[in-house]
Amino acid sequence: MKTHFQALRVGIIGCGGYAHQLIVRMRTLPRHIQLVAATSRNPNSEAALFWSDAGVKVVQTLDQLLDFAPGNLDVILNPTPINVHYQSTLSCLEAGLPVWLEKPPVPTLAELDGLVSAAEKSGLSIDVCFNSIYGQNVQRLKKELVAGRYGKVQRIRGIAGWIRDLAYFQRNDWSGKLKLGDNWVFDGTINNPLAHLVCNNLYFASSEPHALAEVKAVEAHLWHGNAIESEDTSALRIETTDGIEVISNMTLCPEETIPPTTVIDTDKATLTLADFETVKIDWHDGRSEFRPSFKENRIEMLEELSIRAQGDEPALCSLSMCRPFVQTVENAFHQVLDRSGGAIPALPSSCLETVASGASTATKIRGINAEMQSAHQAGRLMQPGALC
């Protein structure tokens with residue numbers, strides 16, 4: 001096992017928005033990562049000028065970044081919009097560079113299989129930035145589940161409610177969209193902000209150390225409270241090939257925030273992962289354990305990506321490993337679209353309330369928090385439409 005590492009030279013696509021958040025975290029890891037270059041469509045933007053002044057080479061396009069790459073970059077970090085993940089990642093591979101791809105990886109299995117094939121032919125890797133998976137507590141819990149410390153996994157339940165205001169859905173041209181041009185986006189709870197919950201649940205449901213559970217069947221119910229074409233509220237039941245039921249109830253229209261929570265029911269204990277980071281273990285014999293988080297999981301992710309890129313340990317979240325997640329997302333959306341005449345069902349206005357949210361407004365579903373908590377405890381799919 002390799003024990004001596006050097007800082008990887010990283011180029012990132014973008015330097016504002018979420019890319020800025022990743023840059024800030026990379027700059028805390030000088031032993032692991034040297035941020036060398038970034039793109040900005042507007043070289044005079046505040047973000048571009050800030051990072052240029054900090055010594056980062058800023059270019060306008062991905063092509064210019066890839067032209068600069070030979071001899072200067074070791075890997076590309078790709079936090080581009082969902083609908084361009086496929087082509088931008090393919091361009092990086094064709095230029096001879098491995099990719100750290102922001103979640104969700106791609107919206108369709110066809111795109112996933114195309115990138116996996118391209119990566120195999122090029123001998124390059126694509127790691128997916130489902131940052132929660134890289135966290136120390138998640139990794140420890142996964143190893144314990146695989147080793148059988150808690151007995152057999154019986155069922156996994158997930159719940160989350162994050163408030164997203166109108167400005168969130170107006171921040172770019174793909175937010176809240178099913179499709180942009182000819183490219184699927186599938187933006188929404190299950191394939192963007194709360195995708196971590198779905199991915200984690202599948203990760204814990206697998207008895208293999210570096211895998212998500214294989215999916216046998218998906219039952220999906222998607223709705224929107226906001227005036228968008230995609231979903232902002234979802235109820236998802238997955239049956240794995242091992243017979244484990246995985247249930248997720250999620251919304252971006254809660255009355256109050258519901259922290260993302262995964263509950264794993266096992267033979268010997270109930271395991272709870274809260275906020276994607278902390279772990280509580282309630283043994284059936286009355287004992288309990290609590291494991292706090294000491295480092296943000298995006299920083300843990302960047303450390304692990306750097307180390308594993310230079311060693312011989314398997315990737316913690318490779319693109320090929322994410323196939324069950326993409327299968328679930330694509331199945332869920334097409335299932336609902338086929339059932340509902342090609343559109344995501346809108347919740348009746350009688351269910352909804354518009355409230356002030358900073359300088360913007362936010363949509364809340366009346367009674368949704370109580371319904372979600374009830375469904376979560378019972379291990380059933382919520383029914384927000386029944387609240388109207």
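Please refer to the structure placed before this passage.
Predicted model only: the values in this text are computed from it and were never measured.

1. Focus: the overall build of the protein
Then, number 1: Counting its regular elements, the protein contains 11 helices and 18 strands.
Then, number 2: Its C-alpha atoms give the protein a radius of gyration of 21 Å, within 12% of the compact-globule value 21 Å for 388 residues.
Then, number 3: Judged by the C-alpha coordinates and their principal axes, the protein covers about 60 × 45 × 35 Å.
Then, number 4: Counting across all 388 residues of the protein, residues that qualify as buried make up 56%.
Then, number 5: A separation threshold of at least 6 residues defines the contact pool for the protein, and within that pool the share at least 24 residues apart is 69%.
Then, number 6: Carbon and sulfur atoms provide 49% of the accessible area of the protein, an area that totals close to 16000 Å².
Then, number 7: Side chains of the protein carry 34 positive and 44 negative charges; the gap between the two charge centres is 4 Å.

2. Comments concerning the state of the cysteines
Then, number 1: Applying the stated criterion across every chain yields a total of 0 disulfides.
Then, number 2: Between C92, a free cysteine, and C129, which holds the nearest cysteine sulfur, the sulfur-to-sulfur gap is 12 Å.
Then, number 3: Note on C322: no disulfide assigned, nearest cysteine sulfur contributed by C317 at a separation of 3.7 Å.
Then, number 4: Given a relative accessible area of 0%, C322 falls into the buried group.

Criteria and thresholds
Residues numbered from 1 in each chain as written. Predicted model: local features only at pLDDT ≥ 70, side-chain atom pairs only at ≥ 80, totals over all residues. Heavy atoms only, no water. Helix = DSSP H or I, 4+ residues; strand = E, 2+ residues; numbered from the N terminus. Rg over C-alpha atoms; globule rule 2.2 N^0.38 Å. Buried < 20%, exposed > 50% of the residue type's maximum accessible area, 1.4 Å probe, protein only. Contact = heavy atoms within 4.5 Å. Areas by Shrake-Rupley, 256 points an atom, 1.4 Å probe, with all protein chains shown as cover. Lys, Arg positive; Asp, Glu negative; His and termini not counted. Charge placed at Lys NZ, Arg CZ, Asp CG, Glu CD. Disulfide = S-S within 2.5 Å.

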